[in-house]
Amino acid sequence: MKDQQVNINISGGAIEKWRGSTLAIAVNNDGKAQKSLSLCGEPVKNEVQRLLKDRWISGKAGETLLVPVPADSVVLAQRVLLVGVGETKKITPEGLRALGAQLYLACKKHNISSINALFALDKHNGIKGVNVIELMAEGALLSSYKFEAFQSKKDDDKKKPTSIKITFASKKEDTSSAKKLLSKVEKICRGVALARDLGNQPGNVLNPETLVEQASKALEDLPVKISVLNEKALTKKGMNGILAVGQGSATPPRMITMEYRKGGDRPLLAVVGKAITFDSGGISIKPSNKMEEMKFDMCGGAAVFGFMQAIAEMKLPINVVGIVPAAENLPSSSAQRPGDIIKTGKGVFVEVINTDAEGRLILADALHHAESFNPAAIIDFATLTGACVVALGKHCSGMMGNDDKLLEALKQVGEDCGDRVWPLPMFDDYQEQIKSTVADIKNVGGPGGGTITAGCFLSRFVEDSRPWAHIDIAGTAWDMGSSKPHFPKGATGVGVRLLCSYVEKNFV
Ligand code: BES
Ligand code: MN
Ligand code: ZN
C-alpha cells in the first residue's frame, strides 16, 4: 500500500495538448461512443467508429478495448482505450466507481502508465462532471490497493509501471471544485487503505499491542489524541468483559481511545469498533474450516482507525471520540470457560454460555466507556455474528439501534457512498432470549435471531435515551472472492466511507 499505485490528476480544457497520448473514452451498450469522441479529431473518430460498427466492443459495463491509432502528427491520440458503461439511463454512482476501477485495471493489464480520460465531458445519467471525476477517482483508488507486505518481489513485477497516472479532463469552470473533491476522496481512500492494511495482517503479526503501535504510527502527525488502557488500568476500571476475553492469550487486551476535537462546541460523536485480532472461538473453539479468516475479526476497529485518520487529514470541523477494544480470543489454561460469570465495567453480570460470542463482551465495556464521554450519538462496528452473513450475505451490513433518525440517516448515506446498511428489527421480545438464570444476562440468545439478540445484548450497555446504532459487518468486512472491481480480495475497509459520508452530511 505504501507506494502509491495510482496518481490522479485533473486538467481543465485544452485537450489538444494531449497529442500522441492514450485516451480513455466511454462506450454505451448501444455500441456508440460518447460525444467526447468527436473531440479527438477525424482520424481517431473514424477508426473508433469503424471498430464499433464491427462490434469489437459491445459497450456493456466493464468491457474494455484498446485501439491503436496509426501514429501521425495530426492525430490527437496514439491509442484509445474504450470502456463500456452499459445503458446510459442505468448509470449509477456505484457504477461510476466500478468504471474508475475498470479503467485502472485495464491500464494495468495493458501496461499503460499514463492515460487521459474524457469521461467527465460526457453525459452520465444526470451525474455532474465533477462527480463523475470524484466517483471514478474513488473507484480507481479503491481498486489500486495492494497488500504485498509479505510477498517477495518477483522480477516480472519490477518491469510493470509502479504507478499509473490518470488525468481526467474537466470543464474549465469545474476544475477547482473537481480538485477539491479529488483531494477529499484521496484522504477517504487513504483511510480505507489503512483499515484494509490493518485488517489483512495475520494474527501472529497484529495483536492488541502491535495494533496500538501501528495505529499510533498512522495517526502520529495528526491532531488525534490517543490513550490506551492496559490490563492494569482495565482491571482498575472493572472492565472484566474485555479482560475475560483476552485472558487466554499471551498478548493482553487493550482499550484504545482516540479524540479528535476540531468542532468547537458542536456535538460529540462516538464511534466504537470491535478488534479481536484473532478469534479462535476460545474454549468453545471454532471448526478449522476458514478459521484463518478470523484474522479479520478486528475490521470494526480497523474502520474506526481509518475513519479517525481520514477526518483528521480532511481537517473536518467536528468532534469525534473513537474507541477500539482489542483482544485475542484463544483457548488456554488461563482462558475463560463456558459457564463463567463476569461483572462488566457497567456492573451488569454476564453468564458466558459460549466463549465464541466474545465480541459482545469486549463491546460491552467499550460502549460503557463511550458513555463516559456523554456523546450525542454512538455508532459501533463489529464482525459480530455469523448469522448476519446468513441473513444478508456480503452486499450490505446489518444495522440495529434505538433511534429511527440516526438509522435512517445511516441508511441514506450508505446508499450514496456504497457502504450499504440494512435495518433489522429490535423488538423487546428478543430481549427475553438473553435472560440468564444465574446472572443478569447471558452472552448467547439463539438459536433464532442471532444477529438481533447480539444487538440486544449490546443495547444493555448504552443509555436508552442515547441515539445509538450497531452495524454488524460480519458479511462485508472482507471478501475472498471479490465480486467488485474496486474491492481487491481481503479486507474491504467497510465502514470508513460510511462514517465519512455520515459526518459530512450530518455533523459538518
Ligand atoms: N467473529 C465471529 C462472527 C463471525 C463469524 C464473523 C463468521 C464473520 C464470519 C463472532 O465472534 C462469533 O464467533 N459469533 C458466534 C456467536 C455465537 C456463538 C452465538 C457466531 O456467530 O457463530
Ligand atoms: Mn467469536
Ligand atoms: Zn469474533
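Residues numbered from 1 in each chain as written. Chains lettered and ligands numbered in written order. Predicted model: local features only at pLDDT ≥ 70, side-chain atom pairs only at ≥ 80, totals over all residues. Heavy atoms only, no water.

Asker: Is there a simple way to think about the nonpolar core in this case?
Answerer: As a rule of thumb, soluble globular proteins bury nonpolar side chains together. Counting residues in each nonpolar core, the largest one holds 102 residues, and the members touching the most others are Leu103, Phe119, Ile166, Met308, Ile379, Leu410 and Tyr502. Among the elements that take part in this core, helix H9 (residues 299-314) stands out by supplying 11 residues, more than any other. Counting only domains with at least three residues in this core, you end up with domain 1 (5-188) and domain 2 (201-506). Each residue touching Leu103, except ones within four places of it in the same chain, is listed here: Ala24, Leu81, Val83, Ile115, Ala117, Phe119, Met136, Ile166 and Phe168. (Core = buried A, V, L, I, M, F, W, Y, C linked by side-chain atoms within 4.5 Å. Buried < 20%, exposed > 50% of the residue type's maximum accessible area, 1.4 Å probe, protein only. Helix = DSSP H or I, 4+ residues; strand = E, 2+ residues; numbered from the N terminus. Domains from an automatic or database assignment. Contact = heavy atoms within 4.5 Å.)

Asker: Explain the site of ligand 1 to me, please; I cannot follow it from the model alone.
Answerer: Neighbouring residues of ligand 1: 16 residues in total, closest Lys286, Asp297, Asp356, Glu358 and Gly386. Lys274 is positioned with one of its side-chain polar atoms (N or O) 3.3 Å from an oxygen atom of ligand 1. Separating an oxygen atom of ligand 1 from a side-chain N or O atom of Glu358 is a distance of 2.8 Å. Coverage of ligand 1 by the protein chains reaches 78% of its 510 Å² of free accessible surface. Taken together, the residues of the shell around ligand 1 break down into 5 nonpolar, 4 polar and 7 charged. (Near = heavy atom within 4 Å. Polar contact = N/O pair within 3.5 Å; in protein donor to acceptor, adjacent residues only side chain to side chain. Areas by Shrake-Rupley, 256 points an atom, 1.4 Å probe, with all protein chains shown as cover. Nonpolar A, V, L, I, M, F, W, Y, C, P; charged D, E, K, R; others polar.)

Asker: In this structure, what is going on with the sheet that holds strand E2 (residues 21-28)? I would like to understand it.
Answerer: Strands belonging to one sheet form pairs held by backbone hydrogen bonds; the direction of such a pair is parallel or antiparallel. Within the open sheet, the 6 strands sit side by side as E1-E6-E5-E2-E4-E3. Their pairing is mixed. Among the strands making up the open sheet, the edge pair consists of strand E1 (6-12) and strand E3 (64-68). For this sheet the average axis-to-axis angle between neighbouring strands, irrespective of direction, equals 25°. (Pairing = 2+ DSSP bridges. Axes fitted to C-alpha atoms, helices over the stretch in contact; angles between N-to-C directions.)

Interpretation in functional terms is not warranted from these geometric data alone.
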